[in-house]
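Here is what each chain is made of, one letter per residue.
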Amino acid sequence: MEEPKSLLKTQQQTEKELEEYRNALDAIGSASKLKMELSGLRNLKTFFAEIFIVNTKDIREIQNSLSDLIVHPFKLNDEKSSITVIGSQEDSEKIMKVLRSFNVHPIQIPSDLPQNPSLAYDKCQKVCKDLEKKSTEVTKKIEKLKVTLLPKLLSLYESSKIAKDVLEVTRKPGGTKNFAVIQGYIPVSMAKRFDALTKSYVSITEPAYVDMYANNQLPTLLVNNRYARTFEVITETQGIPSPGEVDPTPIIAFVWPVFYGLMFADFGHGLLLFGLGMFLRYRANGNLKTWATLLAASGAAATIAGLGVGEMFGFHILEIPSLALIFEPLDGLVGILNVSELTFVQVTNILAVSVAIGIMHLLMAMLLKLRADILERNKLAVLTHDIPYIFQFLAVVALILAAIGSGYDIIGMFGITGVTHNEPVPWLTAIFGDWVTVELVAKAMPPIIIATAGIMIYGGKKEQELAAKHGHDEGAGLMGIVIEVILVRIIEILSNVISYTRIGIMLLVHSALLVTVNESYESGGGLAVLIGGNIGIMLIEGLIVYIQTIRLHLYEWFPKWYKGEGVEFKKLIPNKVYSNLVWSEKQSS
């Protein structure tokens, strides 16, 4: 550390001297044309003489204020002038008072510089250049040392911190010299291995059970494969799952790429994003490496989705000769969700797929909530909230699909206008058969919605009564429950389903932007327009799509079932970034 310390000290001293000489330059700057020795002028005993730098426009007023004294002006430039004021020693106070009223002070040159302003200015300029050169050289040496020393310093810091933490965990009980105690948790899957490793010590293991009424909550150890582990950062934004609660990470690991890939679907952009993520993953450490892997996974998904859309930088893949031969065997799959022409049919298909994905995602959240309440043996919530809410959700979705099947004749599909709608219902007719028509769904679903709403109102009333018995707030009463169930929750279902149309909308926006860029290129815009436009779309769309993907998880999915109130399982030896510990084993005879 001697060389870095010496360089840092030199850098600090150089910067200090450089600042002093720059300040001197600023002070002398206006008087740099004066070639007069100030020390002789100021050593006069009988007379008071001083030089000031003033605004040229103020000279006449200063001369009038000091009319009984000698005031000799010298023009330096259009704005500034120097004035030499000479008077008796008794006049010094008057002179300084007048000049201070114009916010002017005598020229001050540091004592280690020549007292001639012109010579002092020249010397300051030369010294500043030398110091700036020296500062640049020292900075380069420091930066070079950073590259060679920083990894080692971080490694030593990390290793010493880990050693300190381990020693604190294995601290000796008070009053003992030859004993140490380690107490904590291990996963059940490691129990046999732990017993084998500690057979030469006194070790006791016993099962730990989840107790929702106990204060000492069990820690949660997230166990995911190498791919899914990347998405734990998304889970951690909502908290660690409690023991017994489903870890959402594997689900996110599957759903996240689907969302991101569909919204950013382009074979070329996806490949570039994947390459950028892998490059950053290779260069980064710690959490940055995790986020880089997430970026690479999103890019891979966008690449695959790009094949489905059939687009590469906005051009159709099968229309590019070199790629047409490669992807010709996948002709039925490449471009299955083509959006290049942005026709009404294409837009409708994309939005229908988006809604279907949203329905499955929301239904998954509701089933996970049902599972959690079953495990907690909350019968009231299961019977009067979870199950009715699922049926109500499915009924509302069925009505939405029926409205689409009727050609958006929402009033007519209920038979009010006398028109009979025997059209098939998207998705439902294909699953259940031709007997499922718009008319059947329109007649069957409203009673289900009303019945489930009644059950949920009853359940809400019972929950308020139980809360009142335990001394808790009774809530907004029956009217508040009715408003929440009939208005808030049904509208919430509609808004949740509609929210997932953003998947298709972002894909359409992405495609529309690429069409605009490509048309500009073909109209004579040149490669600069094509390349710059694609880079701009990648930067803007890539960020927006990430925001929309995380929003669908944080605002639409997580709140419906996830609590995330768990305590993180802390390993005795945590994950290391800059170092690695190698344990030496003692050989016993």
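Residues numbered from 1 in each chain as written. Predicted model: local features only at pLDDT ≥ 70, side-chain atom pairs only at ≥ 80, totals over all residues. Heavy atoms only, no water.

Points about the overall build of the protein
Rule in force here: Helix and strand definitions follow DSSP, with helices as H or I runs of at least four residues and strands as E runs of at least two, each counted in order from the N terminus. Our radius of gyration looks at C-alpha atoms and nothing else; its globule reference is 2.2 Å times the residue count to the power 0.38. A contact between two residues is defined here by any heavy atoms of the two lying within 4.5 Å. The Shrake-Rupley method, run with a 1.4 Å probe sphere, supplies the accessible areas, and residue values consider only the shown protein chains as cover.
When you go through the protein residue by residue, the secondary structure sums to 17 helices and 7 strands. In terms of overall dimensions, the protein is more spread out than a globule: its C-alpha atoms have a radius of gyration of 39 Å, far above the 25 Å expected for 589 residues. Referenced to the eigenvectors of the C-alpha coordinate spread, the extents of the protein come out at roughly 120 × 85 × 70 Å. Sequence separation of 24 or more characterises 70% of the internal contacts of the protein that already satisfy a separation of 6 or more. Approximately 36200 Å² of the protein is accessible, and the part contributed by carbon and sulfur atoms is 61%.

Let's talk about the nonpolar core
Heads up, the condition is: Put simply, a nonpolar core is a bunch of buried Ala, Val, Leu, Ile, Met, Phe, Trp, Tyr and Cys residues held in one set by side-chain atoms that sit within 4.5 Å of each other. Burial classes follow relative accessibility: with a 1.4 Å probe on protein chains only, a residue under 20% of its type's maximum area counts as buried, one over 50% as exposed, and anything between as partly exposed.
If you look at the biggest cluster of nonpolar residues, it comprises 67 residues, and the most contacted ones within it are Trp256, Phe259, Phe393, Val441, Ile503 and Trp557. Listing elements by their share of this core, those giving two or more residues are helix H7 (232-236), helix H8 (249-263), helix H10 (286-309), helix H12 (344-375), helix H13 (379-405), helix H15 (438-469), helix H16 (477-499) and helix H17 (502-557). Not counting chain neighbours up to four residues away, the residues in contact with Ile503 comprise Phe259, Leu262, Met263, Ser354, Ile357 and Leu552.

Thoughts on empty space enclosed by the protein
To be explicit about the condition: With a 1 Å grid spanning the protein atoms alone, the term cavity applies to any set of points in which a 1.4 Å probe fits but cannot get out, the term pocket to an open set with protein on both sides within 12 Å along at least five of seven lines, and the term lining residue to any residue with an atom within 4 Å of a point. Grid points are joined across faces, edges and corners, and a volume is the space filled by probe spheres set on the points. Think of it as three bins: nonpolar holds Ala, Val, Leu, Ile, Met, Phe, Trp, Tyr, Cys and Pro, charged holds Asp, Glu, Lys and Arg, and polar takes everything else, Gly as well.
Under the definition given, this model contains 1 cavity of 30 Å³ or more. Volume-wise, the largest cavity comes out at about 60 Å³. Leu262, Leu337, Ile350, Val353, Ser354, Ile503, Gly504 and Leu507 are the residues that line the largest cavity. Of all the secondary-structure elements, those providing two or more residues to the lining of the largest cavity are H12 and H17. Across the lining of the largest cavity, the residue classes tally to 6 nonpolar, 2 polar and no charged.

Considering the environment of Arg60
Mapping Arg60 onto the fold places it in helix H3 (residues 59-65). Assessed through its relative accessible area of 61%, Arg60 is described here as exposed. Taking the C-alpha atoms as reference points, Arg60 and Pro73, separated by 13 residues in sequence, lie 9.8 Å from one another.

Quick word on the pattern of salt bridges
We apply this condition: Whenever a carboxyl oxygen of Asp or Glu lies within 4 Å of a side-chain nitrogen of Lys or Arg, that contact is scored as a salt bridge.
Within the structure shown, the criterion is met by 12 salt bridges. Of the charged contacts in the structure, one is a salt bridge between Lys94 and Asp68, with a shortest N-O distance of 3.3 Å. Taken as a pair, Lys94 in helix H4 (residues 92-101) and Asp68 in the loop between H3 and strand E2 (70-75) lie far apart in primary sequence, 26 residues in all. Classification of Lys94 as partly exposed rests on a relative accessible area of 35%. Of the charged contacts in the structure, one is a salt bridge between Arg489 and Glu484, with a shortest N-O distance of 3.3 Å.

Digging into the confidence of the model for the protein
Heads up, the condition is: On a range of 0 to 100, pLDDT expresses the predictor's confidence in each residue.
A residue-level look at the protein finds 93% of positions with pLDDT of 70 or above and a mean pLDDT of 85. The least confident element of the protein is helix H2 (residues 38-42), whose mean pLDDT is 68; the most confident is H8, at 94.

Here's the deal with a negative patch on the surface
So the rule is basically this: In this analysis, a patch consists of residues with relative accessible area above 30% that form no salt bridge, clustered at 9 Å for like charges and at 5 Å for the nonpolar side chains Val, Leu, Ile, Met, Phe, Trp and Tyr. Asp and Glu are treated as the negative residues and Lys and Arg as the positive ones, with His and the ends of the chain left uncounted. For the purpose of locating charges, the reference atoms are NZ of Lys, CZ of Arg, CG of Asp and CD of Glu.
Taken together, the side chains of Glu15, Glu19, Glu20 and Asp112 define an acidic patch exposed on the protein surface. Assignment of secondary structure puts Glu15 in helix H1 (residues 2-28). Its relative accessible area of 36% is what places Glu15 among the partly exposed residues.

Focus on a positive patch on the surface
The grouping of Arg226, Arg229, Lys289 and Lys571 at the surface amounts to a positive patch. Residue classification places Lys571 among the partly exposed positions, given a relative accessible area of 46%.

Comments concerning H4
Where we set the bar: Regarding the arc, it is the one traced by the directions from the helix axis to the C-beta atoms.
Inspection of H4 places Ser92, Ile95, Met96, Val98 and Leu99 among the buried residues, and these make up the whole buried set. Looking down the long axis of H4, one finds its buried residues gathered within 165 degrees of arc, a one-sided arrangement. Every exposed residue of H4 that faces more than 90 degrees away from the buried side is listed here: Glu93, Lys97 and Ser101. Buried residues along H4 sit in contact with strand E1 (47-55), H3 and strand E3 (80-88). One or two residues past the end of H4 sits Asn103, with phi positive at roughly 55 degrees.

Remarks on the packing of H8 against H10
Threshold: Only the stretch in contact is used when a helix axis is fitted, and all axes are lines through C-alpha atoms; the angle between N-to-C directions ranges over 0 to 180 degrees. Working rule for angles: under 35 degrees goes down as roughly parallel, over 145 as roughly antiparallel, 65 to 115 as roughly perpendicular, anything else as oblique. Whether a crossing is left-handed or right-handed is set by the direction in which the near helix is turned from the far one by less than a right angle, anticlockwise for left-handed and clockwise for right-handed.
Where H8 meets H10, the closest approach of the two axes is 7 Å, and the angle between their N-to-C directions is 55 degrees. In terms of their interaxial angle, H8 and H10 are classed as oblique. Helix-helix and strand crossings are classified by hand; for H8 and H10 the assignment is right-handed. Every residue of H10 that contacts H8 at Trp256, Pro257, Tyr260, Gly261 and Leu262 is listed here: Leu294, Ser298, Ala301, Ala302 and Ala305. Broken down by class, the residue content of the contact of H8 with H10 amounts to 8 nonpolar, 2 polar and no charged.

Remarks on the pairing of E1
Put simply, the rule reads: Two strands pair under a simple rule: DSSP has to find at least two bridges between them.
Within E1, 7 of the 9 residues are buried, leaving the element largely enclosed by the surrounding structure. Pairing of E1 with E3, which is carried by 9 bridges, proceeds in the antiparallel orientation. Each bridged residue has a counterpart across the sheet, and for Glu50 the counterpart in E3 is Val85.

Considerations on the layout of surface pockets
There is about 530 Å³ of room inside the second largest pocket. What lines the second largest pocket is a set of 21 residues, and nearest its centre among them are Leu394, Ala398, Leu401, Leu428 and Phe432. Of all the elements in the fold, those that place two or more residues in the lining of the second largest pocket are H12, H13, helix H14 (428-432) and H15. Among the elements that take part in the lining of the second largest pocket, H13 stands out by supplying 6 residues, more than any other.

Quick look at the side chain of Thr384
Quick note on the threshold: We define a polar contact as two N or O atoms separated by no more than 3.5 Å, with the added condition that, inside protein, one atom must be a possible hydrogen donor and the other a possible acceptor, whereas residues neighbouring each other in sequence contribute only through side-chain atom pairs.
Relative to the elements of secondary structure, Thr384 occurs in helix H13. Among the polar contacts listed, one links the side chain of Thr384 to the backbone oxygen of Leu380, at a separation of 2.4 Å. Excluding residues that lie within four positions of it along the chain, Thr384 makes contacts with Ile455, Met456, Tyr458 and Gly459.

Concerning the sheet that holds E1
A sheet is described by the order of its strands in space; here 3 strands give the open sequence E1-E3-E2, paired in antiparallel fashion. The open sheet has two free edges, formed respectively by E1 and E2, since each of these has just one partner strand. Ignoring strand direction, the axes of neighbouring strands in this sheet form an average angle of 20 degrees. Contacts between H4 and the sheet are confined to E1 and E3, with E1 contributing the most and set at about 5 degrees to the helix.

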